[in-house]
Amino acid sequence: MNNSGLEPQIGSWSRVAKKDRPEGSKRFHYEWSFEDGHVGFVVHKKNGKGYKMYADSNSDGRFDSSDDLIVKGRFEDGFEDVKPGRLLGKGDLGLITAEPYVAEDHADHDHDHDHDHGDDHGSMDMTMPKGINGLGIQHMSFLNTDLEKVLHDHGDAHHHDSMM
């Protein structure tokens, strides 16, 4: 697959059959892995329109409710009516692209623009980055085998709360 013109590739994702889920895992439809070693899973909501992405935060190899929810949202236009587990074919490998996340100093940030700054972006907020930014990325996209963007999350790139 030629990904010229896309953000840098950081990993891949694939469909997971029920019989191939690790023992003790909750119901999920896709697994993902980043080249830096982060791994996790994606639950394709029953209505088909949305997803929840989790990281294997305790590194036990079992994908369950003890893992961290990284981001949730809606699929891109054209993919919101796809049945759960059908965004990729059996054996297909999709690409994950993203930009590196660089935290900004929100105290020095110009607030005279149109972006909404949620309550958690105050100048005294010294917490760890949340959502995909906690994984060191922003503008993350999951692409199918035709290089179509299936899901996208900005993270904190536009100062929006990444936990939609």
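Provided above is the structure to which this section pertains.
Let us look at the structure shown here. Here the structure is a predicted model, which is why all the values come from computation and not from measurement. (Residues numbered from 1 in each chain as written. Predicted model: local features only at pLDDT ≥ 70, side-chain atom pairs only at ≥ 80, totals over all residues. Heavy atoms only, no water.)

All told, the structure shown has four salt bridges when counted by the stated rule. For the salt bridge of Arg 62 with Asp 60, the shortest nitrogen-to-oxygen distance reads 3.8 Å. The exposure class of Arg 62 is partly exposed, given its relative accessible area of 35%. The class for Asp 60 is partly exposed, based on a relative accessible area of 36%. One salt-bridge network, in which partners are shared between bridges, spans Asp 60, Arg 62 and Asp 64. (Salt bridge = Lys/Arg side-chain N within 4 Å of Asp/Glu carboxyl O. Buried < 20%, exposed > 50% of the residue type's maximum accessible area, 1.4 Å probe, protein only.)

A word on the environment of Arg 15. Looking at the element boundaries, Arg 15 is found in strand E1 (residues 9–15). Sequence separation of Arg 15 and Phe 28 is 13 residues, and the distance between their C-alpha atoms is 9.3 Å. Apart from the residues within four sequence positions on either side, Arg 15 is in contact with His 29, Tyr 30, Gly 85, Arg 86, Leu 88, Gly 89, Lys 90 and Asp 92. Here Gly 85 takes part through its backbone oxygen, which lies 3.0 Å from a polar atom of the side chain of Arg 15. In terms of polar contacts, Arg 15 uses its side chain to reach the backbone carbonyl oxygen of Leu 88, at 3.4 Å. (Helix = DSSP H or I, 4+ residues; strand = E, 2+ residues; numbered from the N terminus. Contact = heavy atoms within 4.5 Å. Polar contact = N/O pair within 3.5 Å; in protein donor to acceptor, adjacent residues only side chain to side chain.)

Any functional reading would require information that these geometric values do not contain.
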